Amino acid sequence: MSRRRLDSRSGLSAGLLGEIQTPVSTEPMESVYEITGELGRGKFAVVKHCVEKATGKVFAAKFLRKRRRGRDCRAEIIHEMAVLEMARNNARVVNLHAAHETDHDIVLVLEYAAGGEIFDHCVSEELLPEAQITRLIWQTLEGVHHLHQSNLVHLDLKPQNILLTSLSPPGDIKIVDFGLARRLGAVGELREILGTPEYVAPEILNYEPITTATDLWSVGVIAYMLVTGESPFAGDNKQETFLNVSQVSVDYSREAFSRVSELAVDFIRKLLVKAPEDRPSAAECMCHPWLWPQQICLSPDSATIRIVRERSCGNKWPHREGKENRDSPHYHAKRPRFDGEVAAAGDGDF
Ligand code: ADP
Ligand code: MG
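Residues numbered from 1 in each chain as written. Chains lettered and ligands numbered in written order. Predicted model: local features only at pLDDT ≥ 70, side-chain atom pairs only at ≥ 80, totals over all residues. Heavy atoms only, no water.

In terms of regular secondary structure, the protein is built from 15 helices and 13 strands. The 350 residues of the protein split such that 53% are buried. Within the protein, contacts between residues separated by at least 24 positions form 68% of all contacts whose residues are at least 6 apart in sequence. Carbon together with sulfur atoms contributes 48% to the accessible area of the protein, which is approximately 15,900 Å² in total. (Helix = DSSP H or I, 4+ residues; strand = E, 2+ residues; numbered from the N terminus. Buried < 20%, exposed > 50% of the residue type's maximum accessible area, 1.4 Å probe, protein only. Contact = heavy atoms within 4.5 Å. Areas by Shrake-Rupley, 256 points an atom, 1.4 Å probe, with all protein chains shown as cover.)

Here we come to the nonpolar core. Across soluble globular proteins, nonpolar side chains show a tendency to be buried alongside one another. Leu108, Ile137, Leu141, Phe267 and Trp290 are the most contacted members of the largest nonpolar core, which totals 69 residues. Top contributing element to this core by residue count: helix H6 (residues 212-228), with ten residues. Structurally, this core is a two-domain feature, drawing no fewer than three residues from each of domain 1 (24-111) and domain 2 (116-326). Counting ten residues, the second largest nonpolar core, distinct from the first, contains Met29, Tyr33, Cys50 and Ala98. (Core = buried A, V, L, I, M, F, W, Y, C linked by side-chain atoms within 4.5 Å. Domains from an automatic or database assignment.)

Let's shift gears to the site of ligand 1. Around ligand 1, 21 residues are found, and the nearest of them are Lys62, Glu111, Glu117, Gln160 and Asp177. Here an oxygen atom of ligand 1 sits 2.8 Å away from a polar atom, N or O, in the main chain of glutamine 160. The separation between an oxygen atom of ligand 1 and a polar side-chain atom of aspartate 177 is 2.8 Å. Surface burial for ligand 1 is 93%, taken as the share of its 540 Å² of free accessible area covered by protein chains. Classifying every residue of the shell around ligand 1 gives ten nonpolar, four polar and seven charged. Among the domains, domain 1 (24-111) and domain 2 (116-326) are the pair contributing at least three residues each to the shell around ligand 1. (Near = heavy atom within 4 Å. Polar contact = N/O pair within 3.5 Å; in protein donor to acceptor, adjacent residues only side chain to side chain. Nonpolar A, V, L, I, M, F, W, Y, C, P; charged D, E, K, R; others polar.)

What follows concerns the coordination of the magnesium ion (ligand 2). Those donors, Asn161 (OD1) and Asp177 (OD), are the protein atoms that reach the magnesium ion (ligand 2), and they lie 2.1 to 2.3 Å from it. One end of the pair, asparagine 161, is in the loop between strand S10 (152-153) and strand S11 (162-164); the other, aspartate 177, is in the loop between strand S12 (173-175) and strand S13 (182-183), with 16 residues separating them in the sequence. The pair asparagine 161 / aspartate 177 is uniform in exposure class, with both members buried. (Donors = N, O, S within 2.8 Å, 3.2 Å for Na, K, Ca; no water.)

Take the environment of glycine 18 next. If you trace the backbone, glycine 18 turns up in the segment before strand S1 (24-25). Sequence separation of glycine 18 and methionine 81 is 63 residues, and the distance between their C-alpha atoms is 9.1 Å.

On the basis of which strands lie adjacent, the open sheet formed by three strands has the order S9-S11-S12 and antiparallel pairing. Both outer strands of the open sheet, strand S9 (116-117) and S12, are each paired with one neighbouring strand and no more. (Pairing = 2+ DSSP bridges.)

So, about the side chain of aspartate 105. Here aspartate 105 lies in strand S8 (residues 105-111). Of the side chains with opposite charge, arginine 65 comes closest to the buried, unpaired aspartate 105, at an N-O distance of 5.9 Å. Among the polar contacts made by the side chain of aspartate 105, one reaches the main-chain amide nitrogen of arginine 65 at a distance of 3.5 Å. (Lys, Arg positive; Asp, Glu negative; His and termini not counted. Salt bridge = Lys/Arg side-chain N within 4 Å of Asp/Glu carboxyl O.)

A word on the environment of valine 32. Within the element layout of this structure, valine 32 appears in helix H1 (residues 29-32). As a C-alpha pair, valine 32 and threonine 55 span 23 residues in sequence and 9.9 Å in three-dimensional space. In this view, valine 32 contacts Glu27, Val51, Glu52, Lys53 and His100; residues no more than four positions away in its chain are not counted.

Contact pair H6 / helix H8 (residues 262-271): the axes reach a minimum separation of 8 Å and the direction vectors enclose 150°. With respect to H8, the axis of H6 lies roughly antiparallel. Where H6 crosses over H8, the handedness of that crossing is left-handed. Residues Leu216, Trp217, Val219, Gly220, Ala223, Tyr224 and Val227 of H6 form the contact with H8, whose participating residues are Phe267, Ile268 and Leu271. Of the residues assigned to the contact of H6 with H8, the class counts are nine nonpolar, one polar and no charged. (Axes fitted to C-alpha atoms, helices over the stretch in contact; angles between N-to-C directions. Parallel < 35°, antiparallel > 145°, perpendicular 65-115°, else oblique. Left-handed = near helix turned anticlockwise from the far one by under 90°.)

Once that is clear, we can look at the sheet that holds strand S3 (residues 45-52). Reading across the sheet, the six strands line up as S1-S7-S8-S4-S3-S2 and stay open at both edges, with mixed pairing between neighbours. The open sheet has two edge strands, S1 and strand S2 (33-41), and neither has a second partner. Here strand S7 (residues 96-101) pairs with S8 via five bridges, running antiparallel. In the sheet register, leucine 96 faces S8, and the bridge partner there is leucine 110.

Here we come to the pairing of S8. With respect to burial, S8 is a largely interior element, six of its seven residues being buried. Pairing geometry for strand S4 (residues 58-65) and S8, over seven bridges, is antiparallel. Each bridged residue has a counterpart across the sheet, and for leucine 64 the counterpart in S8 is isoleucine 106. Following S7, the chain reverses through three residues before pairing antiparallel with S8.

Here it is, written out as C-alpha cells:
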C-alpha cells in the first residue's frame, strides 16, 4: 500500500503554532542517549530507538530535517512540537519527552510505542478479532475526541500513525505524527491539500473547508482496513485513488465483509459519507452499538462515559438502525447498563 504523501500547497504554513515550552537542547544526542535501530521513517523524518543513559528509559527519537527541498522548515517542526504539547493530557497521544537540535535535524524524543503500527494488523494474514478492533477504534475515538475538544485536527490519521504500546497481546493505542495537524479557527477557514491519497477525505480533494469531520472520515477508513484487510479507496494509481475517494466508491460486498458483523459495516457506512456535516462526531461514534461492548468495560464515572453522557447520543444510533439491528442479539445483549441514563439525557440532535 502506498505511503506517499501528497505535495502540499504553499498555504501549508498557514496557521502554524509557534510557541513551545519544551527547551530545544543543543547538547549532543549521543551524550544523553544510546541510539540504536530504526523504528520507522517518512518522507522527512527517521524514527530511531533510543535509551536515555541516565535512566535506562526507552524512547523513540524522531529526527526531522530542518531543510527540506531547499527550504527552512523549522517553523513546521516547532508547530509539531506545539501540537504535541497541547495534547499533553491526552492519554491516546504519544508524549513529548524532550527535544534536541543537531546540524541538520531537530529531534523529538517521544514516548516509545513498542507494539508498532496498527497498519501491520491491516496487512497481516491473520486479522484481529472484532472485539480487539472495537477496542482500538474506541481508543482512537477517545484520542480524536480529546483533540477536537482542543480545536485540534490531526489530518493524517491512518494505520501507520496509530501505534500500539505492545504487540502481543495488542496494547493500547498511541496517536503519532502531528506534522499535518492544525488548530481550527486559528486562521479562519482551513483549506489545504494534504494527507496521503488513500486516506484523504473528499473535502480535501475538493479544496473545501477542513473540519473535525475530516478526521472522522479517516477513522472510517481505518476501521474498514482493520476489519477487511483492504484499503477501501486504493486504486492502481493516484488518479484512480482520488476518483474512488471523490465518488465514495467503497466495496461493501459479501466477499470483502464475509466475516464482518453488520454493526461494523453500519459504523463504517456512517463515516464514509461525502458530506462532512453528515458524519457523526467522535463522541457520537462512541455511542454506536458496534462499540457498546467497549462502553460496558468502563466504570460509570470514567471520563469517557462522561463524554458519552454529555453528547447524550445513546438514543440516536438505534433509531437509525432500523429493525434489522434492533433484532440482532448484539442490540439486546450488549446494551450498556447506563444506556437508560444516556437516553434520558438525550438532546435528539443527531
Ligand atoms: P512521518 O511524519 O515521517 O510520517 P511519523 O511520526 O509518522 O513520521 O513516524 C514514522 C514511523 O516511525 C511511524 O509510522 C512509526 O512506525 C514509527 N514511530 C513514530 N513514532 C514512534 C514512537 N513514538 N514509538 C515507536 N515508533 C514510532
Ligand atoms: Mg507518519
